[in-house]
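# Architecture and fold: a report
If you want the building blocks of each chain, they are given just below.
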Amino acid sequence: MSHHEVVILGSGPAGLTAAIYAARADLKPLVIEGMQPGGQLTITTEVENYPGFPKGILGPDMMMAFREQAARFGTEFLAGDVTVVDLKATPKKITLGKNELTADTIIISTGASARLLGLPSEKKLMGHGVSACATCDGFFFKGLEVAVVGGGDTALEEATFLTKFASKVTVIHRRDTLRASKAMQQRAFDNKKIQWIWDTAVEDFIDDGSGKLSAVKLKNLKTNELSELKCDGCFVAIGHVPNTSLFKGQLKLDEKGYIVPNPYRTTTDIPGVFACGDVQDSYYRQAVSAAGTGCMAALDAERYLAEHKNH
Ligand code: NDP
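Here we summarise the structure given alongside this text.

How each quantity is defined
- Residues numbered from 1 in each chain as written.
- Predicted model: local features only at pLDDT ≥ 70, side-chain atom pairs only at ≥ 80, totals over all residues.
- Heavy atoms only, no water.
- Pairing = 2+ DSSP bridges.
- Helix = DSSP H or I, 4+ residues; strand = E, 2+ residues; numbered from the N terminus.
- Contact = heavy atoms within 4.5 Å.
- Axes fitted to C-alpha atoms, helices over the stretch in contact; angles between N-to-C directions.
- Expected span 1.5 Å × (residues − 1).
- Buried < 20%, exposed > 50% of the residue type's maximum accessible area, 1.4 Å probe, protein only.
- Near = heavy atom within 4 Å.
- Polar contact = N/O pair within 3.5 Å; in protein donor to acceptor, adjacent residues only side chain to side chain.
- Areas by Shrake-Rupley, 256 points an atom, 1.4 Å probe, with all protein chains shown as cover.
- Domains from an automatic or database assignment.

### Digging into the sheet that holds strand S12 (residues 168–172)
An order of S10-S17-S11-S12-S13 is seen for the five strands of this open sheet, with the pairing classed as parallel. Edge positions in the sheet fall to strand S10 (130–131) and strand S13 (194–197), since each has one partner strand and no second. Both strand S11 (residues 145–149) and S12 contribute to a ladder of five bridges, which runs parallel. The partner of Val 146 across the bridge, within S12, is Val 169. The strands that helix H5 (residues 153–162) touches are S11, S12, S13 and strand S17 (233–236); relative to S11, the one it contacts most, it runs at about 170 degrees.

Printed below as a string of structure tokens:
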């Protein structure tokens, strides 16, 4: 069993920025990389809004650079996913399968994942016409017809993005008003390639026997009328869920399951446990804001260790 002053759970922009700061403070952090090393940016393409990259950078390349920078100052990395964590023990305990570690402080940066509808056909056709990431898969639908499910900023951003490739994009929303910001709505309404189906839920993803999506089965929630929309792709864009199942019953979570840090800090209701990035942010969800809170978490952990261990 190894002991560490700082263990960071997750390796997206928040976790790796925390690692850079903690490593430069000579805390020899250990990053447990999780199921998707590099986080959500590794499934995007071009990142054009991260300051310092005037020509843009590919998401995976950016995360490789973050990792290299963290490694340069002595960050250790461990591949895998934590199975159990005891945040209240002293020292804190972390289990990865048969591997057990202890830590004085834990920085949680486990991020969030796309929310899905939960239909069996969705799981079956994921990657075969059904997708939860337009930036990852939009390219495959050149000249084809696609649908987008959802009425928030993500759905409209994805719909707008998909018009670069698809011949037609149909947004299917369960209500008759959008949740997305007015600017995003206007941009989507102005786009001639986008069509709208209101008050409607997706009941099923249909495969015509080719192993690929061929249509979606729809139900109008006001009239209960059933219909089918032919499409080659369907992008589910109904929000995200924070990756916090490990911490349920231990840490303060909000009604959507996001960690609730103390105001203006990354400290949580458990001393020595810090949270940063999308796991505590359902609102901004940007790489640069995640990186900012990662920096804050490392500084908070450093201060905590100095106070508790005369480090
Ligand atoms: P939101 O929670 O804002 O929207 C989710 C949408 O999906 C809602 O329209 C919701 O419907 C719908 N939905 C949820 N569950 C289901 C379901 N089971 N079946 C059908 N529809 C469902 O999530 P987003 O990911 O869109 O946005 C999250 C945050 O990120 C927001 O604060 C947003 O502003 C921000 N964001 C900003 C962007 C930007 O500014 N460029 C881009 C992307 C996100 P209903 O409306 O009925 O609840």
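### So, helix H1 (residues 13–24)
If you check H1, its first and last C-alpha atoms are 16 Å apart, about what 12 residues at 1.5 Å a residue would give, namely 16 Å. Of all 12 residues that make up H1, 10 are buried, and the element is covered over most of its length. Among the residues of H1, Pro 13, Ala 14, Gly 15, Leu 16, Thr 17, Ala 18, Ala 19, Ile 20, Ala 22 and Ala 23 are the ones counted as buried. Contacts from the buried residues of H1 go to strand S1 (2–9), strand S2 (30–32), helix H2 (59–72), strand S5 (76–78), strand S8 (99–108) and helix H7 (287–309). Phi turns positive, to about 65 degrees, at Asp 26, one or two residues after H1.

### With respect to the site of the ligand
Not every one of the 18 residues close to the ligand is listed here, only the nearest: Asp 153, Thr 154, Arg 174, Arg 175 and Arg 179. Contacts to the ligand include Arg 179, whose side-chain N or O atom sits 2.7 Å from an oxygen atom. The contact in question runs from an oxygen atom of the ligand to an N or O atom on the side chain of Arg 285, over 3.0 Å. For the ligand, the accessible surface in isolation is 910 Å², of which the surrounding protein chains cover 74%. No other element matches the three residues that H5 contributes to the shell around the ligand. A domain split of the shell around the ligand shows at least three residues from each of domain 1 (2–113 + 241–309) and domain 2 (116–236).

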